[in-house]
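# Understanding the architecture of this molecule
Each chain is listed here by its residues.
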Amino acid sequence: MFSDIISEEILDKFAIPHIAFPQDTIQQKVALAQHILSLKGEELLLSSVYSFSYPSIIAGISEANIEYIGKNAPENYKTELLETIRKDYITKEAFEISEAMDKNLGENATKNQQRLNMIIQYIKDNQAVFQF
């Protein structure tokens, strides 16, 4: 009965605190990606499975986070992450966000773009972990 009273949208906002604010500008997306980058693996898993379909979340995942996710996340989280990186429009936007993050670091910086490349490659190289 309780779940009938509260809409799924409201529950998602509680379950996805990291993304319950506007992401209309690149600056807002960069802010979210930087916040995600600062989180520990267990903190990242507090959000809903659907948070892994947001480009800002993908742009902010660290190497430590992706390893933690691979080892500890529920199956549906891993599957969502794998499906997300297969969507070109999402990875394209994630790279745009990581490029903006690098511009904030200074001219010729590519640290965040390289990290994102490594994250995507890690997921592709370990597909079996993310599929089952």
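Our subject in this report is the structure included herewith. Only a predicted model underlies this, so the values are computations on that prediction, with no experimental measurement involved. Counting from 1, residues in each chain are numbered in the order their sequence is written. With pLDDT at 70 or above as the cut-off, local features in this predicted model cover only qualifying residues; side-chain atom pairs require 80 or more to be listed or tallied, and sums for whole chains, interfaces and linings still use all residues. The side-chain values count all of the structure's non-hydrogen atoms but skip hydrogen atoms and water molecules.

## Section: unusual backbone geometry
Across the chain, the bulk of peptide bonds are trans and the bulk of non-glycine residues have phi less than zero. To keep it simple, the criterion reads: Partly exposed residues are those whose accessible area sits between 20% and 50% of the maximum for their type, while under 20% is buried and over 50% is exposed, using a 1.4 Å probe and protein chains only.
Despite not being glycine, Asn108 shows a phi value in the positive range, around 70°. With a relative accessible area of 70%, Asn108 lands in the exposed category.

## A short note on helix H8 (residues 88-105)
To be explicit about the condition: Runs of H or I in DSSP of at least four residues are treated as helices and runs of E of at least two as strands, each being numbered from the N terminus. Any helix carries an expected span of 1.5 Å times its number of residues minus one. It only takes one pair of heavy atoms within 4.5 Å for two residues to be counted as in contact.
Taking 1.5 Å per residue as the helical rise, H8 with its 18 residues ought to reach 26 Å, and the 26 Å between its terminal C-alpha atoms agrees with that figure. Against the buried residues of H8 lie helix H3 (26-38), helix H5 (55-60), helix H7 (75-85) and helix H9 (111-125). Immediately beyond the C-terminal end of H8, within one or two residues, lies Gly106, with a positive phi of roughly 130°.

## Brief notes about the packing of aromatic side chains
Selection criterion: Between the rings of Phe, Tyr and Trp (Trp by its six-membered ring), a pair exists once the centres lie within 6.5 Å; its type follows the angle of the planes, with under 30 degrees stacked, over 60 edge-to-face, and the other angles tilted.
Taken as a whole and judged by the stated rule, the model has two aromatic pairs. Judged by centre distance (5.7 Å) and plane angle (65°), the rings of Phe52 and Tyr77 are edge-to-face. One end of the pair, Phe52, is in the loop between helix H4 (41-44) and H5; the other, Tyr77, is in helix H7, and 25 residues separate them in sequence. Summarising the burial analysis for this pair, Phe52 and Tyr77 share the class buried. Each ring, one from Tyr122 and one from Phe130, has its centre 6.4 Å from the other, and the planes form 85°; the classification is edge-to-face. Given a relative accessible area of 1%, Phe130 falls into the buried group.

## Thoughts on the nonpolar core
Operational definition: Within this scheme, the nonpolar core is defined by two criteria: the residues are buried Ala, Val, Leu, Ile, Met, Phe, Trp, Tyr or Cys, and they are joined through side-chain atoms within 4.5 Å.
Core analysis: the biggest nonpolar cluster contains 29 residues, and Phe52, Ile61, Ile66, Ile69, Leu81 and Ile123 have the highest contact counts within it. For this core, the secondary structure elements donating two or more residues are H3, H5, helix H6 (63-72), H7, H8 and H9.

## Comments concerning the side chain of Asn112
Keep this limit in mind: Polar contact criterion, stated in full: a pair of N or O atoms within 3.5 Å, where within protein one must be able to donate a hydrogen and the other to accept it, and residues adjacent in sequence count only if both atoms are side-chain atoms.
Summarising the element assignment, Asn112 is placed in helix H9. On the accessibility criterion, Asn112 (5% relative accessible area) is buried. Side chain to side chain, Asn112 and Arg115 meet in a polar contact 2.9 Å long. In contact with Asn112, other than residues within four places in its own chain, are Leu37, Ser98, Met101, Asp102 and Leu105.

## Observations concerning the pattern of salt bridges
Pairing is possible between side chains of opposite charge, provided their charged atoms come close. Rule in force here: Salt bridges are identified by distance alone: a Lys or Arg side-chain nitrogen within 4 Å of an Asp or Glu carboxyl oxygen.
Applying the stated criterion to the full structure yields two salt bridges. The salt bridge partner of Lys29 is Glu93, with a shortest N-O separation of 2.5 Å. Of the two residues, Lys29 is situated in helix H3 and Glu93 in helix H8; the sequence distance between them amounts to 64 residues. Here Glu93 falls in the partly exposed class, since its relative accessible area comes to 24%. Between Glu83 and Arg86 there is a salt bridge; the shortest N-O distance is 3.1 Å.

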